[in-house]
Amino acid sequence: EDQVTQSPEALRLQEGESSSLNCSYTVSGLRGLFWYRQDPGKGPEFLFTLYSAGEEKEKERLKATLTKKESFLHITAPKPEDSATYLCAVQSNQAGTALIFGKGTTLSVSS
Amino acid sequence: GAGVSQSPSNKVTEKGKDVELRCDPISGHTALYWYRQSLGQGLEFLIYFQGNSAPDKSGLPSDRFSAERTGGSVSTLTIQRTQQEDSAVYLCASSRGFDRASSYEQYFGPGTRLTVT
């Protein structure tokens, strides 16, 4: 069964304190791995797509990496506006086009 | 349009009533998806449309749930005889297509918060 597990569930950082969020996945043929950001009361906002192990994508203070079993979202020198829930999802060959989501990591950055 | 829109943003209904939720995808996006997000749970896939047809209805939780899409654009998710366990945020997403070249990155709307009393 395809599965996505995110850790930690919650993360508190001081402004400027870099850290990483983890997304472990089990999937029968990875079609793509996706990172989203979700603010309270809003829909998920697309961040990155990663297709194969070794791939990396960057956007401002965020960098996503992918291995055969997990993905990391690295946050460098975070700011309070980076506070949100970060969701990881996979799309597998078995599930077709449905995204299978983890439960997310809620990040709080204090100044 | 600029993004995926959904209406209403909030819906409170009595147990046993029917509700309709609407989704307007990004213009030109051929694929449309419905998900449900319950408190403390991850996003749960419900159904997707390729054009006006729904090849995969496996995520619909019961036969009280149905969806349709017309003109390759607007979609409506209908829940009949609502139950309290149907309370959740219903999210719609759209993507340009189904292969990597045309991008299957899914862009989400703001959601409809459904509360069944």
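Up top is the structure these notes are about.
Residues numbered from 1 in each chain as written. Chains lettered and ligands numbered in written order. Predicted model: local features only at pLDDT ≥ 70, side-chain atom pairs only at ≥ 80, totals over all residues. Heavy atoms only, no water.

1. Let's talk about the sheet that holds strand S8 (residues 70–75) of chain A
Residues and elements named next belong to chain A.
Thinking step 1. Strand order in the open sheet formed by five strands is S1-S3-S8-S7-S6, with antiparallel pairing between adjacent strands. In the strand order of this sheet, the two ends are held by strand S1 (3–7) and strand S6 (56–59), each with one partner. Going across the sheet, the axis of each strand differs from the next one's by a mean of 15 degrees, ignoring polarity.
Thinking step 2. Across five bridges, S1 lies against strand S3 (residues 19–26) in antiparallel orientation. Bridge pairing in S3 links Thr 5 to Ser 24. (Pairing = 2+ DSSP bridges. Helix = DSSP H or I, 4+ residues; strand = E, 2+ residues; numbered from the N terminus. Axes fitted to C-alpha atoms, helices over the stretch in contact; angles between N-to-C directions.)

2. Focus on the interface of chain A and chain B
Thinking step 1. Every contact between the two is made by 20 residues of chain A and, on the other side, 20 residues of chain B.
Thinking step 2. For the chain A and chain B pair, buried surface summed over both sides reaches about 1,700 Å², with 54% attributable to carbon and sulfur atoms.
Thinking step 3. Taken together, the links from chain A to chain B amount to zero salt bridges.
Thinking step 4. Looking at the side of chain A that touches chain B, the elements that each hand over two or more residues are strand S4 (30–38), strand S5 (45–50) and strand S9 (84–92) of chain A.
Thinking step 5. Here the side of chain A that touches chain B gets four residues from one element, more than from any other, and that element is S4 of chain A. (Contact = heavy atoms within 4.5 Å. Buried area = accessible area lost by both parts, 1.4 Å probe. Salt bridge = Lys/Arg side-chain N within 4 Å of Asp/Glu carboxyl O.)

3. Digging into the environment of Ala 93 of chain B
All names here are of chain B.
Thinking step 1. You can see Ala 93 is positioned in strand S9 (residues 88–95).
Thinking step 2. Each C-alpha atom, one on Ala 93 and one on Ile 26, is 8.8 Å from the other, the two residues being 67 residues apart in sequence.
Thinking step 3. Once residues lying within four places of it in the same chain are set aside, the contact partners of Ala 93 are Ala 31, Leu 32, Tyr 33, Gln 106, Tyr 107 and Phe 108.

4. Observations concerning the sheet that holds strand S8 (residues 75–79) of chain B
Residues and elements named next belong to chain B.
Thinking step 1. The strand order across the open sheet formed by four strands is S1-S3-S8-S7, and the pairing between neighbours is antiparallel. Of all strands in the sheet, those bounded by a partner on one side alone are strand S1 (5–7) and strand S7 (65–69). The mean inter-strand angle of the sheet, taken between neighbouring strand axes irrespective of direction, is 15 degrees.
Thinking step 2. In terms of strand pairing, S7 meets S8 through five bridges, oriented antiparallel. Within the sheet, the bridge partner assigned to Phe 65 lies in S8 and is Ile 79.

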